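Topology and contacts: notes
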Amino acid sequence: MSKKSRSIWMVAILLILSNFIWLKPMLTMRIDQPKATWLWHTSQILNQSSTLIEFLDKKNVSSLYLQINADIPNDAYQRFIRKASERNIEVHALDGAPYWATDQQSVQNFFQWVEKYQSVSENTEQFTGIHLDIEPYILPTWDSNLQGTVQSYQQNIRFAADKSANLGLHFGIDIPFWFDSINYSNVIGEGVLSEWLIDQSDSINVMAYRNKADGHNGMISLAKSEINYASVTGKQARVAIETSKSSEGDYLTFFGKNNAYMEKQLKEVERSFSHAEGFRGIAIHSLESWMIRK
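Residues numbered from 1 in each chain as written. Predicted model: local features only at pLDDT ≥ 70, side-chain atom pairs only at ≥ 80, totals over all residues. Heavy atoms only, no water.

Here's the deal with the sheet that holds strand E2 (residues 61-67)
Taken together, eight strands build a closed barrel; the order of strands is E1-E2-E3-E4-E5-E8-E9-E10 and the barrel is parallel. Strand-to-strand twist of the sheet, defined as the mean angle between neighbouring strand axes without regard to direction, takes the value 25°. The pairing of strand E4 (residues 129-132) with strand E5 (residues 170-176) spans four bridges and is parallel. Looking at the pairing, Leu132 lines up with Ile173 of E5. (Pairing = 2+ DSSP bridges. Helix = DSSP H or I, 4+ residues; strand = E, 2+ residues; numbered from the N terminus. Axes fitted to C-alpha atoms, helices over the stretch in contact; angles between N-to-C directions.)

Listed below in structure tokens is the structure:
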């Protein structure tokens, strides 16, 4: 082979290698992640199950958090979950309230219902996860006795994590973005509350309730520390958004914003976190308000 030919081959090889290096990050990017959402009005599964599932499938939802209503018979849950599983939609048992942070009996009652339900249901009719939305900061004691309230909350979260593991269920929770600024110091130990919660769970939804992706007060900036910590610790994290009307400020929700604008913002969030190992996409609150958007 002539010197000129060798030079041409070397240039060609270098071009191939440089293109591979440039393309590798693109190949590992995870954009257009499946979404998650909450369904609070559980009675809708009685007569609107097909409509709900069609919408979830169309919107690429892979996880539905379905609030438990003990007044609804088991067979209604079983039919709905069976239909959802046919579309590869996981259904997680959802519940929680601020007082659950200090009332373990409510948490115990919830798990007793789930355990009994699972025992009488076929595999394709069973919940695949637990999802808690407790929001302890709404309690008056959050201001008057922060450390005591946080400790009770942590104890109940630990109880729920253990029960979920015993049932073989994925354990997920909702946390506000600002929990990374809450430090705890109690019998459990010392640390940052958001990190402790991520350690205890399999996944979190970071409630970064804003209607813009970029900027100092945008979803990306607000959720960044939780997404990064989840990635480092091998956990999963979603960025949660609001679509219902908010009395606390229009900037907290996509209510009143058109779908094209919302989708553009969500794409920016997905693109920003596409290289984060723990990022699992967007969680949209809630299914009821999402379905009536124009």
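Considering the layout of surface pockets
Taken as a whole, the largest pocket encloses approximately 470 Å³ of empty space. Taken together, 20 residues form the lining of the largest pocket, with Glu135, Tyr137, Tyr209, Glu248 and Leu252 sitting closest to its centre. Looking at the lining of the largest pocket residue by residue, the classes come out as 10 nonpolar, three polar and seven charged. As a volume, the second largest pocket reaches approximately 200 Å³. What lines the second largest pocket is a set of 15 residues, and nearest its centre among them are Ser62, Ser63, Glu90, Gln236 and Arg238. When contributions to the lining of the second largest pocket are tallied by element, the ones reaching two or more residues are E2, strand E3 (90-95), E5 and strand E9 (236-242). Tallied by class, the residues present in the lining of the second largest pocket amount to two nonpolar, 10 polar and three charged. (1 Å grid on protein atoms, 1.4 Å probe; cavity = no way out; pocket = protein on both sides within 12 Å on 5 of 7 lines; lining within 4 Å. Points joined across faces, edges and corners; volume = space filled by probe spheres on them. Nonpolar A, V, L, I, M, F, W, Y, C, P; charged D, E, K, R; others polar.)

Let's talk about the pairing of E9
For E9, a buried count of six out of seven residues is recorded, marking the element as mostly surrounded by other parts of the structure. Sheet topology note: the strand E8 (residues 203-207)/E9 ladder contains five bridges and is parallel. The partner of Met207 across the bridge, within E9, is Ala240. Crossover handedness for the path E8 to helix H9 (residues 219-232) to E9: right-handed. In the classification by handedness, the crossover that spans E9, the intervening helix H10 (residues 259-272) and the parallel strand E10 (residues 279-285) is right-handed. (Buried < 20%, exposed > 50% of the residue type's maximum accessible area, 1.4 Å probe, protein only. Right-handed = clockwise from strand over helix to strand, strands pointing away.)

Remarks on the environment of Asn156
Inspection of the secondary structure puts Asn156 in helix H7 (residues 146-166). Taking the C-alpha atoms as reference, Asn156 lies 9.2 Å from Gln108; in sequence the two are 48 residues apart. Excluding residues that lie within four positions of it along the chain, Asn156 makes contacts with Trp100, Ala101, Thr102, Asp103, Gln104 and Val107. A polar contact of 3.2 Å, which involves the side chain of Asn156, links it to the backbone oxygen of Ala101. (Contact = heavy atoms within 4.5 Å. Polar contact = N/O pair within 3.5 Å; in protein donor to acceptor, adjacent residues only side chain to side chain.)

Details of the pattern of salt bridges
By the definition in use, this model includes six salt bridges. Among the ionic pairs, Asp57 bridges to Arg87, the shortest N-O distance being 3.0 Å. Residue Asp57 is located in helix H3 (residues 49-58), and its partner Arg87 is located in the loop between helix H4 (74-86) and E3; the two are separated by 30 residues in the primary sequence. A salt bridge links Lys163 to Glu115, with the shortest nitrogen-to-oxygen separation between them at 3.9 Å. Placement of Lys163 in helix H7 and of Glu115 in helix H5 (residues 104-119) is noted, with a sequence separation of 48 residues between them. The exposure class assigned to Lys163 is partly exposed, which follows from its relative accessible area of 23%. (Salt bridge = Lys/Arg side-chain N within 4 Å of Asp/Glu carboxyl O.)

What about the packing of aromatic side chains?
Following the criterion strictly, the structure yields 20 aromatic pairs and no others. An angle of 90° between the planes, with centres 6.3 Å apart, marks the rings of Phe111 and Phe159 as edge-to-face. Residue Phe111 is located in helix H5, and its partner Phe159 is located in helix H7; the two are separated by 48 residues in the primary sequence. Judged by relative accessible area, Phe111 falls into the buried class, the value being 1%. Arranged with centres 5.2 Å apart and planes meeting at 90°, the rings of Trp178 and Phe179 form a pair that is edge-to-face. Each member of the aromatic cluster is reached from another via a ring pair, and the members are Tyr137, Trp142, Tyr153, Trp178 and Phe179. Just above the ring of Tyr261 sits the side chain of Lys257; from NZ or CZ to the centre is 5.3 Å. (Phe/Tyr/Trp six-rings, centres within 6.5 Å; stacked < 30°, edge-to-face > 60°. Lys NZ or Arg CZ within 6 Å of the ring centre and 35° of its normal.)

Just distances and angles here, no functional claims.
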